[in-house]
Amino acid sequence: MFGLKRYLDGSFTLILAAAAVAGWTYMSEGADDPAVLKDERVVTEGETLWSIAEHVAEDLDLQREKALYWIKEENQLQDTTIHPGQTIKVPAEWNGVASD
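The rules behind the values
- Residues numbered from 1 in each chain as written.
- Predicted model: local features only at pLDDT ≥ 70, side-chain atom pairs only at ≥ 80, totals over all residues.
- Heavy atoms only, no water.
- pLDDT = per-residue confidence, 0-100.
- Helix = DSSP H or I, 4+ residues; strand = E, 2+ residues; numbered from the N terminus.
- Contact = heavy atoms within 4.5 Å.
- Expected span 1.5 Å × (residues − 1).
- Buried < 20%, exposed > 50% of the residue type's maximum accessible area, 1.4 Å probe, protein only.
- Arc of directions from axis to C-beta.
- Axes fitted to C-alpha atoms, helices over the stretch in contact; angles between N-to-C directions.
- Left-handed = near helix turned anticlockwise from the far one by under 90°.

## What to know about the confidence of the model for the protein chain
Averaged over every residue, the pLDDT of the protein chain is 75; residues scoring 70 or more account for 57%. Here strand E3 (residues 97-98) stands out as the element of the protein chain with the lowest mean pLDDT, 46, in contrast to helix H3 (residues 64-74), whose mean of 93 is the highest. Taken as a whole, residues 24-32 scores under 50 in pLDDT and shows 4 contacts with residues more than four places along the chain or in a different chain. Confidence over residues 96-100 falls short of pLDDT 50; this stretch has 9 contacts with residues more than four positions distant or in other chains.

## Re helix H2 (residues 49-60)
End to end, H2 covers 16 Å across 12 residues, agreeing with the expected 16 Å (1.5 Å per residue, within 8%). Those residues of H2 not exposed but buried are Leu 49, Ile 52, Ala 53, Val 56, Ala 57 and Leu 60. Summarising the axial view, the buried residues of H2 lie within an arc of 135 degrees, below the 170-degree limit, and thus occupy one face.

## Some thoughts on the packing of H2 against H3
Running from N to C, H2 and H3 point in directions that differ by 115 degrees, and their axes come no closer than 8 Å. As for how H2 packs across H3, the hand of that crossing is right-handed. Along its contact with H2, which presents Leu 49, Trp 50, Ile 52, Ala 53, Glu 54, Val 56 and Ala 57, the element H3 presents Arg 64, Ala 67, Leu 68, Ile 71 and Lys 72.

## Observations regarding unusual backbone geometry
Unusually for a residue other than glycine, Asp 61 sits at a positive phi of about 55 degrees. A relative accessible area of 70% means that Asp 61 is categorised as exposed. Of note, Gln 76 is a non-glycine position whose phi angle comes to about 55 degrees, a positive value. Position of Gln 76 among the secondary structure elements: in the loop between H3 and strand E2 (87-94). For Gln 76, a relative accessible area of 68% translates into the label exposed.

Put into structure tokens, the structure is as follows:
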């Protein structure tokens, strides 16, 4: 009887610890992810959000769509419209991989 109680208490503690770690991981992801360092870039004539995302994706070995999504979210863009002279944030490092 006491062995079962000790086993159940240990299992509950393990489940509680796992839930705490999972919750912390979920809450810590997002735009302020420390694994994503930010840089600023001034948009030049002829550049599009897609071309910038493609360049960033190539430098950081990401999917273009993921880079595009990050740039739109970080700059609070409603669509993909950008203008020459506009300063936008772009990822400079992703998961420890630095860009040139």
